[in-house]
Amino acid sequence: MAGILFIISAPSGSGKSTLVRELRKQVVGIDFSVSWTTRPPRGSEQNGLEYTFTTREEFERMIAAGVFLEHAEVFGHYYGTARKSLEEARLAGHDLMLDIDVQGAAKVRAKMPEAVSIFVMPPNPRVLRHRLFNRMRADAMQSGVKVDKEELRRRLGEATKEIENYREYGYILVNDMLDRAVAQLEAIVLAERYYRNGEAIAYNSRRVLEVAAACLQRNSQERLKPVLEAFRIMGSTGQQQLNFEEDSDEEDSDSDEENSDDD
Ligand code: ADP
Ligand code: 5GP
């Protein structure tokens, strides 16, 4: 494709969809690839907007027909990126953002090594749990059901494994303060357009390039240290047992307020 291909991955609940939504308000000329999935819609999700929802049978037919650039099984459901998304962005002369998991990202990078990859980290396990629980509770309330605790555990259980892949990504964002993370994501997009296409940055160009450079994975070790420690991911020693602190009040009732991100 002529435009830039951006890949963004993160453990579920880190705020990746929120960041991408905010980015698209700030930056024009970047399309979002609407993935196909066999998971059911949640909350206010609409078919064709967040995802195109389909059955396993149809998805498997599409795999056989070569519809997907990549696909993967995540949390027990299929997810896939249609080749058509790339073609459409190319025809429009736009950049394209893929929100895909670490398996999908590895497959796309192997096929398209020029892709710009961004990994979003939550600041610590407790914040991740709060965000994921609160989102699941909001979705559950909308659908008039209870939070699926098994699904919550399953998603949190994958988080550490996903974070261990951070070294495969060119840029790392720590989504602590939302405004700052959005500004960093915007800076990455503008810097890549500047370096690859010579596209001028309209204002504060020096600052924008500095912010993007600070997010490069190779420049992020100090910034990442506390996050990796909180998730007990330590250099070459690999993953250690991590206990996502469960709040007893949360276990008692879905309607209790979760603590804010700040505590
Ligand atoms: P993901 O797409 O990574 O699964 P979401 O974008 O759905 O995650 O975010 C999970 C929840 O966390 C949402 O309720 C969202 O509003 C909230 N959230 C996202 N980023 C932040 C942030 N920086 N501070 C506080 N809450 C956040
Ligand atoms: P969710 O169910 O929370 O929307 O997404 C679960 C995971 O699937 C997230 O990590 C998300 O990035 C990933 N995902 C969404 N679409 C795709 C896709 O097309 N391909 C792959 N490999 N992963 C996807």
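Residues numbered from 1 in each chain as written. Chains lettered and ligands numbered in written order. Predicted model: local features only at pLDDT ≥ 70, side-chain atom pairs only at ≥ 80, totals over all residues. Heavy atoms only, no water.

Trainee: What is the right way to read the sheet that holds strand β6 (residues 77-82) from this model?
Mentor: What links the strands of a sheet is backbone hydrogen bonding, and the strands pair in either a parallel or an antiparallel sense. Spatial strand order, β4-β3-β6-β5: four strands in an open sheet with mixed pairing. Each edge of the sheet is formed by a strand with only one pairing partner; in this case those strands are β4 (51-53) and β5 (68-74). For this sheet, the mean angle separating the axes of adjacent strands, direction not counted, is 25°. As paired elements, strand β3 (residues 35-37) and β4 share three bridges and run parallel to each other. (Pairing = 2+ DSSP bridges. Helix = DSSP H or I, 4+ residues; strand = E, 2+ residues; numbered from the N terminus. Axes fitted to C-alpha atoms, helices over the stretch in contact; angles between N-to-C directions.)

Trainee: Sorry if this is basic, but what is going on with the sheet that holds strand β2 (residues 30-32) here?
Mentor: Ordered by their spatial adjacency, five strands build an open sheet running β2-β7-β1-β8-β9, and the pairing between neighbours is parallel. Whereas interior strands pair on both sides, the edge strands pair on one side only; in this sheet they are β2 and β9 (171-174). Put simply, the sheet's adjacent strands are angled 25° from each other on average, direction ignored. The pairing of strand β8 (residues 116-121) with β9 spans four bridges and is parallel. Residue pairing for β9: V120 is matched across the bridge by L173. In the packing of helix α4 (residues 102-111) onto the sheet, the strands contacted are β1 (5-9), β7 (95-99) and β8, and the crossing angle to β1 comes to about 155°. (Contact = heavy atoms within 4.5 Å.)

Trainee: Just checking my understanding: could you explain the confidence of the model for the protein for this structure?
Mentor: Taken as a whole, the protein shows an average pLDDT of 91; of its residues, 89% reach a score of 70 or greater. Segment residues 251-260 is flagged for pLDDT under 50; beyond a separation of four residues in sequence, or across chains, it makes 25 contacts in the model. (pLDDT = per-residue confidence, 0-100.)

Trainee: Would you mind going over the pattern of salt bridges with me for this structure?
Mentor: Between side chains of opposite charge, a pair can form as their charged atoms come close. According to the stated counting rule, one finds 16 salt bridges in the structure shown. E73 is the salt-bridge partner of R56, the closest N and O atoms lying 3.1 Å from each other. With a gap of 17 residues between them, R56 in helix α2 (residues 56-64) and E73 in strand β5 connect regions that are remote in the sequence. Assessed through its relative accessible area of 31%, R56 is described here as partly exposed. Since its relative accessible area comes to 39%, E73 is described here as partly exposed. Here E192 and R196 are joined by a salt bridge, their closest N and O atoms 2.7 Å apart. Separated by four residues within a single helix, E192 and R196 lie in helix α7 (residues 178-197), roughly one turn from each other. (Salt bridge = Lys/Arg side-chain N within 4 Å of Asp/Glu carboxyl O. Buried < 20%, exposed > 50% of the residue type's maximum accessible area, 1.4 Å probe, protein only.)

Trainee: Explain unusual backbone geometry here, please?
Mentor: Outside of glycine, negative phi angles account for most residues, and trans bonds account for most peptide bonds. The phi torsion at F75 lies on the positive side, around 50°, for a residue other than glycine. Relative to the assigned elements, F75 resides in the loop between β5 and β6. Its relative accessible area of 11% is what places F75 among the buried residues.

Trainee: Just to check I follow, could you spell out the pairing of β1 for this structure?
Mentor: Regular strands show a simple pattern: their side chains alternate between the two faces of the sheet. Counting buried residues along β1, five of its five residues qualify, which places the element largely inside the surrounding structure. With burial as the criterion, each face of β1 is covered, one bearing L5, I7 and S9 and the other bearing F6 and I8. Bridging between β1 and β7 involves four bridges; their strand directions are parallel. Bridging across to β7, I7 finds its partner in L98. Two strands pair when backbone bridges link them, and β1 and β8 are joined in this way by four bridges, in the parallel orientation.

Trainee: Would you explain the site of ligand 1 in this entry?
Mentor: Around ligand 1 there are 14 residues in total, and G13, K16, S17, T18 and R135 lie nearest to it. R131 places a side-chain nitrogen or oxygen 3.3 Å from a nitrogen atom of ligand 1. A distance of 3.4 Å is found between a nitrogen atom of ligand 1 and a backbone nitrogen or oxygen belonging to L178. About the coverage of ligand 1: the protein hides 77% of its 560 Å² of free accessible area. Elements with a minimum of two residues in the shell around ligand 1: α1 (16-26) and α5 (125-143). A per-element tally of the shell around ligand 1 places α1 first, with three residues. A class-by-class count of the residues in the shell around ligand 1 yields two nonpolar, seven polar and five charged. (Near = heavy atom within 4 Å. Polar contact = N/O pair within 3.5 Å; in protein donor to acceptor, adjacent residues only side chain to side chain. Areas by Shrake-Rupley, 256 points an atom, 1.4 Å probe, with all protein chains shown as cover. Nonpolar A, V, L, I, M, F, W, Y, C, P; charged D, E, K, R; others polar.)

Trainee: Which parts of the structure should I look at to understand the packing of α7 against helix α8 (residues 205-215)?
Mentor: Packed helices, taken two at a time, are described by the angle between their axes plus the distance between the axes. Across the interface, α7 lies against α8 with an axial gap of 8 Å and an inter-helix angle of 105°. Classified by the angle between their axes, α7 and α8 sit roughly perpendicular to one another. Side by side, α7 and α8 meet where Q184, A187, I188, L190, A191, Y194 and Y195 of the first sit next to V208, L209, V211, A212 and C215 of the second. Counted by class, the contact of α7 with α8 contains eleven nonpolar, one polar and no charged residues. (Parallel < 35°, antiparallel > 145°, perpendicular 65-115°, else oblique.)

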